[in-house]
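These are the residues of each chain, in order.
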Amino acid sequence: VNSAFWLRSLMMAAHAGNFGDFASVSLKNEKAMQMLMKDHAANFKLINSGDVRAFYHTDRAVYVPTVVGWRPGVMNYWNFGTELGRMSRLASAIPVAEIADNDFTLLKTSEEKRSV
């Protein structure tokens, strides 16, 4: 949840031209997502319940942003956790000028901006 608020703060700092806050929030999000990914992998290794293991491996239908638009896909809980960390870390690396631009057309944006 913090990551969503930090990404919102990145957008607000970029629009306000507040480069210090932008850099600080970006770093907080990057560090938090590194920890999330580490914890996610550790939790996965510690699964000792068949029900929890099945939950991690059960596929669910999703839509993912790509260069050509939203595409249907399939993810399980393991994928959701790793993709959350990966995409949020990518969003932390977005340049100020790009996040300040309100055009979120998937075809025109970088992978970092699509991750927001």
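Small disclaimer: the values here were computed from a predicted structure and weren't measured.

Topic: the overall build of the protein chain
Then, number 1: Looking only at helices and strands, the protein chain has 6 helices and 2 strands in total.
Then, number 2: Listing the helices and strands of the protein chain from first to last along the sequence gives α-α-α-β-β-α-α-α.
Then, number 3: For the protein chain, the C-alpha atoms occupy an extent of roughly 50 × 30 × 15 Å along the three principal directions.
Then, number 4: Burial statistics for the protein chain: of 116 residues in total, 28% are counted as buried.
Then, number 5: A fraction of 48% describes how many contacts in the protein chain between residues 6 or more apart in sequence connect residues 24 or more apart.

Let's talk about the environment of Met33
Then, number 1: Relative to the elements of secondary structure, Met33 occurs in helix α2 (residues 19-45).
Then, number 2: Owing to a relative accessible area of 5%, Met33 belongs among the buried residues under this scheme.
Then, number 3: The spacing of Met33 and Ser88 is 55 residues in sequence and 6.9 Å in space, taken between C-alpha atoms.
Then, number 4: Not counting the four nearest positions on each side in its chain, Met33 is found in contact with Ser3, Leu84, Gly85, Ser88 and Arg89.

Details of the pattern of salt bridges
Then, number 1: Inspection of the entire model under this criterion finds 4 salt bridges.
Then, number 2: Across the pair Glu111 and Arg86 runs a salt bridge whose closest N-O atoms are separated by 3.1 Å. Here Glu111 is found in helix α6 (residues 111-114), whereas its partner Arg86 is found in helix α4 (residues 77-92), with 25 residues between them in sequence.
Then, number 3: Among the residues examined, Glu111 registers a relative accessible area of 40% and is labelled partly exposed.
Then, number 4: The closest approach of N and O atoms between Lys108 and Asp103, which form a salt bridge, is 3.6 Å.
Then, number 5: Since its relative accessible area comes to 63%, Lys108 is described here as exposed.

Concerning the packing of α2 against α4
Then, number 1: Packing of α2 against α4 brings their axes to within 8 Å, and their N-to-C directions diverge by 160°. Here α2 is positioned roughly antiparallel relative to α4, judged by the angle of their axes. Of the two elements, α2 crosses α4, and the hand of that crossing is left-handed. Residues Ser26, Asn29, Glu30, Met33, Gln34, Leu36, Met37, His40, Ala41 and Phe44 of α2 touch α4, and the partners they reach there are Tyr77, Trp78, Gly81, Thr82, Leu84, Gly85, Arg86, Ser88, Arg89 and Ser92.
Then, number 2: Taken together, the residues of the contact of α2 with α4 sort by class into 8 nonpolar, 9 polar and 3 charged.

A few points about the packing of aromatic side chains
Then, number 1: According to the stated counting rule, one finds 4 aromatic pairs in the structure shown.
Then, number 2: Taking 5.4 Å as the distance between ring centres and 55° as the angle between the ring planes, the aromatic pair formed by Phe44 and Tyr56 counts as tilted. Taken together, the residues span a long stretch of sequence, with Phe44 in helix α2 and Tyr56 in helix α3 (residues 50-57) at a distance of 12 residues.
Then, number 3: A residue is classified by how much of its surface remains accessible, and Tyr56, at 8% relative accessible area, is buried.
Then, number 4: Centre to centre, the rings of Phe44 and Trp78 are 4.7 Å apart; their planes meet at 40°, and the pair counts as tilted. Placement of the pair is Phe44 in helix α2 and Trp78 in helix α4, with a sequence separation of 34 residues.
Then, number 5: Here Phe44 falls in the partly exposed class, since its relative accessible area comes to 25%.
Then, number 6: Taking relative accessible area as the criterion, Trp78 reaches 26% and is therefore assigned partly exposed.
Then, number 7: Here a set of aromatic residues connected by ring pairs shows up, and it is made of Phe44, Phe55, Tyr56, Tyr77 and Trp78.

Rules used in this analysis
Residues numbered from 1 in each chain as written. Predicted model: local features only at pLDDT ≥ 70, side-chain atom pairs only at ≥ 80, totals over all residues. Heavy atoms only, no water. Helix = DSSP H or I, 4+ residues; strand = E, 2+ residues; numbered from the N terminus. Buried < 20%, exposed > 50% of the residue type's maximum accessible area, 1.4 Å probe, protein only. Contact = heavy atoms within 4.5 Å. Salt bridge = Lys/Arg side-chain N within 4 Å of Asp/Glu carboxyl O. Axes fitted to C-alpha atoms, helices over the stretch in contact; angles between N-to-C directions. Parallel < 35°, antiparallel > 145°, perpendicular 65-115°, else oblique. Left-handed = near helix turned anticlockwise from the far one by under 90°. Nonpolar A, V, L, I, M, F, W, Y, C, P; charged D, E, K, R; others polar. Phe/Tyr/Trp six-rings, centres within 6.5 Å; stacked < 30°, edge-to-face > 60°.

By themselves, these observations are geometric and do not establish any function.
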